[in-house]
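# Residue-level structure breakdown
Here is what each chain is made of, one letter per residue.
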Amino acid sequence: MAVDRRGVNAPNGRPDFRQPGAILLLSCYELGHQPLSVALPLATLRAAGYQPVAVDTAVQRLDDETIARARAIAISVPMHTALRLGVALGQRIRAVAPAAHLCYYGLYAWLNRDYLLRHIADSVIGGEIELPLLGLVQALERGTSVDVPGVVTRERPAGPALIRFEYPVPARDSLPGLRHYAHLVAGERVVPAGYTETTRGCHHTCAHCPVVPVYRGRFFAIPRSVVLADIRQQVAHGARHITFGDPDFLNGPTHSLRICRALHEEFPDVTFDFTARIEHIVRHRDLMPEFRRLGCLFVVSAVELLSEPALQAIRKGHTRADVIEALRICDAAGIALRPSLLPFTPWTTLDDYLDLLQFIEDEELIEHVDAVHLSIRLLIPPGSALLEQPDVLPYLGPLDEANFTYTWRHPDQRMDALQRRVAAVVEQATREGWDPYETFAVVRAAAYEAAGRRAPSTPPKRRTKRPEPPRLTESWFCCAEPLEDPSGPVASQVRMVDQPLR
């Protein structure tokens, strides 16, 4: 039996995709959590008799030997930063293993499929990727043309894969341990945080959200037994807190609540957090006290903006009054609300930005808002639902394919200048470890200066009515302007500062 230079058996000259390492699954960056987007396809491929190798390049070193052994390589790119890192990784793969089939999968792979297929990828998968990825591997193994539903190639266009299938329990055994990922910080308690999802996709269609062009308002529930088995294996490896990473945990509130009840019954000392829309917090206010009793410490919610015209332009689905009500609901339940923000859009004025800062201070949210959120600028990737909005056309520039975004300029040049200045402040604050109140004061002063107004002479008001908010050692953000350097100081605020595994 012949062995090719990659060390993969090749009977009759055909690569053996069932040999260990013939399939390589790679993650680049998943907000500091153990990559579920690798663990699920890993389990799916194993169940079909394959033996993939999985590497999380955010915390592991990927050597050339591992690359050279692979015949099919799939890179997970669920977000913009991951895509930028993934393209650089793909260029290295092309140099080391030019004959390997290179596939990109995830939200940002599908949005940027034209660029990827033109420049680096052999195939792209978006949506529910597991079955299409398995079909791709099987087609490569047979040596036939890739004609698989959900798999896009240069020769075969296709839509995203919105296919229901039986989710396996994610395979996490070969991934780095939880000590290398985000931890919960709650007062003196610092514990490893696990990560799972109860649904994929989203019922809602916010115009700026990268989920929308792929799922178009659909979502898929992951069976309770699978979610609980995934939590169980993470708890066995040290997790004492679970992040539910669904785009909106309350898309299916009954499903979510049942999972949390079962989690608490089996592991009463394990806490959790989740992400939910402001309107869902308000609509399901009666559920929040029970979520707290079951162990919920905080909820992340995409507040984004307070400006009504801007909220309407991105079809966010809530108002300023809803944000205030959601804060009151979470306060009453004893759950910290951690807002994510999108303060720089074409529809946000300088007065809006100053108003947002004042709101954060008045509501004592300075410690609840990660500093990077004060600098985030709207990202408009190819295929974004924003491109269907007439409101964006006056500001829209050409597509910058290499940076995976359409360019746009604010009608008030002061806002673009302020965004650059705030980003620089956040970088410096992150690098030097500033106190959040100090960072906020410098940002506030920059905003007042941009408006030609005198900044308040008093320091930002300290928290008095709320306890110190729990947090993860990894910030949450999306829809941001691309980082000049995905490994630079701003990224260090949203990426683990752990040493890579050796």
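Reference entry: report on the structure contained in this document. (Residues numbered from 1 in each chain as written. Predicted model: local features only at pLDDT ≥ 70, side-chain atom pairs only at ≥ 80, totals over all residues. Heavy atoms only, no water.)

### Section: the overall build of the protein
Our working rule: For the purposes of this entry, the term helix denotes a DSSP run of H or I that reaches at least four residues, the term strand denotes a run of E that reaches at least two, and both are numbered from the N terminus. The globule rule used for comparison is 2.2 Å times the number of residues to the exponent 0.38, while the radius of gyration itself is calculated over C-alpha atoms. Buried residues are those whose accessible area, probed at 1.4 Å on protein chains only, stays under 20% of the maximum for their type, while exposed residues exceed 50% and partly exposed ones sit between those limits. Residue contacts follow a heavy-atom distance rule, with two residues in contact if any of their heavy atoms lie within 4.5 Å. Here the Shrake-Rupley method, with its probe set to 1.4 Å, supplies the accessible areas, and only the displayed protein chains count as covering residues. When charges are tallied, Lys and Arg are placed among the positive residues and Asp and Glu among the negative ones, while His and the ends of the chain are skipped. Here the site of a charge means atom NZ of a Lys, CZ of an Arg, CG of an Asp or CD of a Glu.
Helices and strands together make up the secondary structure of the protein, namely 17 helices and 17 strands. A compact globule built from 502 residues should have a C-alpha radius of gyration of about 23 Å, and the protein, at 23 Å, falls within 12% of that. Its C-alpha atoms put the protein at 80 × 55 × 40 Å along the principal axes. Considering the protein as a whole, with its 502 residues, one finds that 61% of them fall into the buried category. Sequence-distant contacts in the protein: of pairs separated by 6 or more residues, those separated by 24 or more amount to 75%. Put simply, the protein shows about 19,800 Å² of open surface, and 50% of that area lies on carbon and sulfur atoms. Positive and negative charge centroids in the protein, built from 55 and 59 side chains respectively, lie 2 Å apart.

### Topic: the side chain of Ser 256
Looking at the element boundaries, Ser 256 is found in helix α9 (residues 253–266). Among the residues examined, Ser 256 registers a relative accessible area of 0% and is labelled buried. Among all residues touching Ser 256, those that are not within four sequence positions of it are Thr 198, Phe 249 and Phe 291.

### With respect to the sheet that holds strand β11 (residues 241–244)
Which entries qualify depends on this criterion: Two strands pair under a simple rule: DSSP has to find at least two bridges between them. Only the contacting stretch of a helix is used when fitting its axis, a line to C-alpha atoms as for every element, and angles between N-to-C directions run 0 to 180 degrees.
In space, the seven strands of this open sheet follow the order β14-β13-β12-β11-β8-β7-β17, with mixed pairing throughout. Edge strands, defined here as strands with exactly one partner in the open sheet, are β14 (336–341) and β17 (471–472). Its contacts with the sheet place helix α8 (residues 224–236) against β8 (189–196) and β11, and it is angled at close to 145 degrees to β8.

### Some points on the pairing of strand β2 (residues 53–56)
Two elements, strand β1 (residues 23–27) and β2, share four bridges in a ladder whose sense is parallel. Bridge pairing links Leu 25 to Ala 54 in β2.

### What to know about the sheet that holds strand β3 (residues 72–76)
One open sheet accounts for six strands, arranged β2-β1-β3-β4-β5-β6; its pairing is mixed. Here the strands that pair on one side only, and so sit at the sheet edges, are β2 and β6 (151–153). Averaged over all pairs of adjacent strands, the angle between their axes in this sheet comes to 20 degrees, without regard to strand direction.

### A word on the pattern of salt bridges
Let me state the cut-off plainly: Counted as salt bridges are all cases of a side-chain nitrogen of Lys or Arg within 4 Å of a carboxyl oxygen of Asp or Glu.
Under the criterion given, the structure shown has 30 salt bridges. A salt bridge links Asp 122 to Arg 94; its shortest N-O distance comes to 2.8 Å. Taken together, the positions of Asp 122 in the loop between α5 (113–119) and β5 (123–125) and Arg 94 in helix α3 (residues 80–96) put the pair 28 residues apart, joining distant regions of the chain. Judged by its relative accessible area of 19%, Asp 122 falls in the buried class. You can call Arg 94 partly exposed: its relative accessible area is 22%. Its salt-bridge partner being Arg 118, residue Glu 401 comes within 2.7 Å of it at the nearest N-O pair. Of this pair, Glu 401 sits in the loop between β15 (396–400) and β16 (405–408) while Arg 118 sits in helix α5, and the two are 283 residues apart along the sequence. Through salt bridges that share partners, Arg 328, Asp 331, Glu 363, Lys 465 and Arg 466 make up one connected network.

### Concerning unusual backbone geometry
At Glu 304, a residue that is not glycine, the phi angle is positive and equals roughly 65 degrees. One can find Glu 304 in strand β13 (residues 296–304). Relative accessible area serves as the criterion here: at 4%, Glu 304 is assigned to the buried category. Residue Glu 364 is not a glycine yet carries a positive backbone phi of 55 degrees. Of note, Glu 364 is situated in the loop between α14 (350–362) and β15.

Without other data, these values stay purely geometric and don't point to any function.
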